[in-house]
Amino acid sequence: MGITAHTPAAAPKVLLIQPPVEDFYQTSIRTLPVGLLYLAGALRQNGIAVEILDCQATPRKNSIPPPPEFAHLERYYQPGNLSPWKLYSQYRHYGLPWEDIREHIRRSGAEVIGISSLFTPFYREALRVAALAKEVDRSRPVILGGAHVNACPAQVLADPNVDFILLGEGERTLPALVCALLEDRLANLAGVRGIGYKVNGNLRLPEHGDLIEDLDSLPLPARELIEAGHYCLGRKRLTMLITSRGCPYHCTFCSIFLTAGRRFRVRSLHRIIDEMKLCRERLGIEVFDIEDDNFTFDQKRASRLLAAIREEFGPDQIELLAMNGLSAANLSENLLVEMKAAGFRALNLALVTNDAQRQRALKRPGATPHFDRIVSRGAALGFQQVNYLILGLPGATLAEMIGAIIHLMERPVLIGPSVFYATPGTASYEQCRAAGLLPSPELALQRSSCFPVETAEFSRRDLVTLFRLCRLLNFLKAQLARLAEDNGKTAPAWETVFTFPPAMTALPRPGGCYTFPRKLSAAEIGGWLAAATFCHRTFLGMRLRRRSNAGFCYQVYEEEFSPQVLALFLQEAEGREICSGNNVRIKITTESLAGIPHVNLP
C-alpha cells in the first residue's frame, strides 16, 4: 500500500500537527485544535502515545512575499495604513517557521504523523508539513484528515507525501489505522470505514466517512497535551466545548455536512457538565466556546443544558461563547434569557442576507422578521452582538448587498462582513463552476482575503468597497456608543461623531501631507477620514510618513474603491439611522457636512 509497516522497539507514538497558516490575517482566538485533542484522547484510549504540535500556538508572525497568484491584491492592501477601517497590509506566515516544524518532527521520534487540514484556503500549508515529515523519514506513514480532506479527498491523497486520508470523524478510524500500521495488518483496512490509501500508486477512496452515533462513547479531549495558557480571551483561559455534532440544514454554501453529516447527534448533559468541571478544576478554564455545528437546533435540549450549567456553576463564574455562530431560526426570546443567565454575554448571529428570495435560494432557515426580533430582544438583555452577512454570493446584486448592510447598520449590532468563497463539495461551488466563475483551478485562491468570485453583477473592487463600508460603519457605531455614554445616552448631533485632529476644521486631500504637534489617536484619524467619505464620496488612507522635531507628519492617499458602490450606498443611506451597540441612534445627514472644505495644500 505504498508504506512499510514496522513494529517499534518502544511504545508506539503518534505526532498530531496543526499546521501554520499563511494569509493577510489570522483569527487567533479560534485556533485551539479541539479536533486533534479528540483524536489524541481516542489514541491514548487505545494505548498509543500521542504528542500534539500546534504550530499556531505562538504569537510569531513573519511578513513574507505573497504567492504570485495573489499579485492582483496588492492594490487593495497598503502597508502602514492607520485607518481604523483598513483592510489588511502584509501577507504573513502565522506560526512556527518551517525549519522549526521540521526539527520538531525529527526530535519527536513518532512512528506515525497525523496532520490536520481544516480549511481549503490553507491546504498547501498542510501538504508542506507532510513534505517536511517525509524529508525527515520517508518510511513514516503520513495521514491527513479534516474538512478540506473531506471536500477534496482525491486531490489530497494524490500528493506523493500523503499515505492515508481519513474521511468523516476520526476517533475510531485513526486508532484502527495506527494499530494496523504498527502491527502489520494493512490488508484489513479495506473493511474500515472512512480510510483512503494507495495500492501500487492507485488511489483507494472510501465511499463514506465514519460518523459516530454514540458521542458519549468518545473519550474526553486530551487537553493536557497542550499548554492551556496559550488559548485565552483577554486574561481568561478559554477552551472549545462540543456538545453535539451535525447540522440538518442544507445551506448551499456550507460544507460541514461533508465531515459531520446532517444527522443531529448529542452528548448527554452529565458528560458535558463533568467535562466542564474538569476543565475548571484542572486547567483553570473560565471561558467555554461552544463549537457545535448547530447548538440550539433542539431548543429544549439547549434549555436543559443551560439550566444544568447554571445550577452547577452559579452566576458569573464562567463565560459562554458560541463563536462558530448561532442560527436565529433556532432561538426564542425565552432561550435568550436562559443563555444570559447561564453565562452568555455575546451573540454571533448569521443574517447572511435580508433578501427573502435569496434566503430561499440559499436554503437558509428562518426569516428576517424573526431574526430582527431576536436581535432586538438580545439588545434589551444587554448582549454584545455581531451579525454576519456574506458578500459576493453567486447570484447576489449590489442593491441586495447594500440593503443587507443598511439593515444591520440600523440595528444595535456590529456588522460582520464575510466574503464568499467557493468550497468544493458544496452546492454553491457547483453553481460557481457551472457558471464559469472559477477561472483558476488553484483552490488556495478560494479565501475571503482574495475576494475570489466576480460576476456580471459585481467586481472584486465592488466587494472591497462593501467590505470597507462595513468596517467604516462599525467605527461610527463605536464612536456613537462612546459619545452617547459620555452624554448620558443622549444621541449626539451627526456631525459631532466625526472627531477631527487638533486645530483642523477642513477635510484631508489625497496626496496631502499634514504635520501635527502630537501623534493622532485612532478616533481623530478615523473621524477625519470618515468625514471625507460622507462629504466628498471617497475612501482615504493615512500613513505616518515621518516623525521629527516639527511633529508627526502624515500622508493621505486615496484607497482603491468603487465610486459607483459608494455612491449607491450613500444614496440609500441618506436619512437612515446608524444604531450603536447600546441602542443609540443617529440619522445620516450628509448635508450637514457639505460645507467642510478640503485643506488647502501649499
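Residues numbered from 1 in each chain as written. Predicted model: local features only at pLDDT ≥ 70, side-chain atom pairs only at ≥ 80, totals over all residues. Heavy atoms only, no water.

Peer 1: Teacher, can you tell me more about the packing of aromatic side chains here?
Peer 2: To describe a pair of aromatic rings, you give the distance between the ring centres and the angle between the ring planes. For the structure shown, the criterion picks out 19 aromatic pairs. Seen from their ring centres, tyrosine 77 and tyrosine 88 are 5.3 Å apart, and the 65° between their planes marks the pair as edge-to-face. Of this pair, tyrosine 77 sits in the loop between β4 (61-63) and β5 (92-94) while tyrosine 88 is found in the loop between β4 and β5, placing the two residues eleven residues apart along the sequence. The pair tyrosine 77 / tyrosine 88 is uniform in exposure class, with both members buried. Consider the rings of tyrosine 249 and phenylalanine 297, whose centres lie 5.8 Å apart with planes at 75°: the pair is edge-to-face. (Phe/Tyr/Trp six-rings, centres within 6.5 Å; stacked < 30°, edge-to-face > 60°. Helix = DSSP H or I, 4+ residues; strand = E, 2+ residues; numbered from the N terminus. Buried < 20%, exposed > 50% of the residue type's maximum accessible area, 1.4 Å probe, protein only.)

Peer 1: What is the right way to read helix α16 (residues 522-536) from this model?
Peer 2: In a regular helix each residue adds 1.5 Å, so 15 residues correspond to 21 Å; α16 covers 21 Å between its end C-alpha atoms and thus fits that length. For α16, the tally of buried residues reaches twelve of 15 residues, placing the bulk of the element in the interior. Every buried residue belonging to α16 is among Glu524, Ile525, Gly526, Gly527, Trp528, Leu529, Ala530, Ala531, Ala532, Thr533, Phe534 and Cys535, and all of these are buried. Contact partners of the buried residues in α16: α15 (460-486), β20 (513-516), β21 (540-548) and α17 (563-573). Of the residues one or two after α16, arginine 537 is the one with positive phi, at around 55°. (Expected span 1.5 Å × (residues − 1). Contact = heavy atoms within 4.5 Å.)

Peer 1: How should I be thinking about the pairing of β20 in this particular structure?
Peer 2: Two faces, one strand: in a regular strand the side chains alternate between the faces of the sheet. Alternating residues of β20 divide into Tyr514 and Phe516, all buried, and Cys513 and Thr515, none buried. Relative to strand β22 (residues 551-558), β20 runs antiparallel, the two sharing four bridges. Residue pairing in the sheet places cysteine 513 in a bridge with glutamine 555 of β22. (Pairing = 2+ DSSP bridges.)

Peer 1: Explain the pairing of β22 here, please?
Peer 2: Burial analysis of β22 places six of its eight residues in the buried class, which makes it a mostly covered element. Pairing of β21 with β22 involves eight bridges; the strand directions are antiparallel. Within the sheet, the bridge partner assigned to serine 548 lies in β22 and is glycine 551. Between β21 and β22, which follow one another and run antiparallel, lie two residues.

Peer 1: Where do I start with α17 in this structure?
Peer 2: Residues spaced three or four apart along an α-helix face the same direction, because each turn holds 3.6 residues. By the burial criterion, the buried members of α17 are Val565, Leu566, Phe569, Leu570 and Ala573. Down the axis of α17, the buried side of the element spans an arc of 130°, and every buried residue falls inside it. Phi turns positive, to about 85°, at glycine 575, one or two residues after α17. (Arc of directions from axis to C-beta.)

Peer 1: Looking at this model, I keep getting lost on the nonpolar core. Mind explaining?
Peer 2: Among soluble globular proteins, nonpolar side chains are generally buried collectively. Counting 148 residues, the largest nonpolar core has Leu144, Met276, Met339, Leu466, Leu476 and Phe569 as its most contacted members. The dominant element in this core, judged by the number of residues it contributes, is α15, at 13 residues. Those residues in contact with leucine 144, other than ones at most four positions away along the chain, are Ile115, Ser117, Ala126, Leu127, Ala130, Val149, Val156, Val162, Phe164, Ile165 and Leu166. Within the second largest apolar cluster, 37 residues are counted, among which are Val34, Ala40, Ile48 and Val178. (Core = buried A, V, L, I, M, F, W, Y, C linked by side-chain atoms within 4.5 Å.)

Peer 1: Could you clarify how one ought to interpret the pattern of salt bridges in this entry?
Peer 2: A full pass over the atoms with the stated rule returns 29 salt bridges. Residue glutamate 224 is joined to arginine 44 by a salt bridge in which the shortest nitrogen-to-oxygen separation is 2.5 Å. With glutamate 224 in the loop between β10 (202-204) and β11 (232-233) and arginine 44 in helix α1 (residues 34-45), this pair connects stretches of sequence that are 180 residues apart. A relative accessible area of 52% means that glutamate 224 is categorised as exposed. On the basis of relative accessible area, arginine 44 is assigned to the partly exposed category, the value being 38%. With a shortest N-O distance of 3.1 Å, arginine 358 and glutamate 400 are connected by a salt bridge. (Salt bridge = Lys/Arg side-chain N within 4 Å of Asp/Glu carboxyl O.)

Peer 1: For this particular structure, what's the right way to read the sheet that holds strand β2 (residues 21-23)?
Peer 2: Picture the strands of a sheet paired through backbone hydrogen bonds; they go either parallel or antiparallel. Taken together, three strands build an open sheet; the order of strands is β2-β5-β4 and the sheet is antiparallel. Each edge of the open sheet carries a strand with a single partner, namely β2 and β4. Averaged over all pairs of adjacent strands, the angle between their axes in this sheet comes to 20°, without regard to strand direction. In this structure, β4 lies alongside β5, joined through three bridges in antiparallel fashion. Residue pairing in the sheet places serine 63 in a bridge with arginine 92 of β5. (Axes fitted to C-alpha atoms, helices over the stretch in contact; angles between N-to-C directions.)

Peer 1: What's the story with the packing of α15 against α17 in this structure? I'm lost.
Peer 2: Packed helices, taken two at a time, are described by the angle their axes make and the gap between the axes. Taken N-terminus to C-terminus, the directions of α15 and α17 make an angle of 40°; their axes are 8 Å apart at the nearest point. When the axes of α15 and α17 are compared, the pair comes out oblique. Relative to α17, the crossing made by α15 is right-handed. On the side of α15, the interface is formed by Asp462, Thr465, Leu466, Leu469 and Leu473, while α17 contributes Val565, Leu566 and Phe569. Broken down by class, the residue content of the contact of α15 with α17 amounts to six nonpolar, one polar and one charged. (Parallel < 35°, antiparallel > 145°, perpendicular 65-115°, else oblique. Left-handed = near helix turned anticlockwise from the far one by under 90°. Nonpolar A, V, L, I, M, F, W, Y, C, P; charged D, E, K, R; others polar.)

Peer 1: Is there a simple way to explain the side chain of glutamate 169 in this structure?
Peer 2: Secondary-structure assignment places glutamate 169 in the loop between β8 (164-166) and α6 (173-182). Residue class for glutamate 169 comes out buried when judged on its relative accessible area of 5%. Polar contacts involving the side chain of glutamate 169 include one to the main-chain amide nitrogen of isoleucine 212, which spans 2.8 Å. Side-chain polar atoms of glutamate 169 contact the side chain of arginine 245, separated by 3.5 Å. Look past the residues within four positions of glutamate 169 in its chain and what remains in contact with it is Asp210, Leu211, Ile212, Arg245, Thr259, Ala260 and Arg265. (Polar contact = N/O pair within 3.5 Å; in protein donor to acceptor, adjacent residues only side chain to side chain.)

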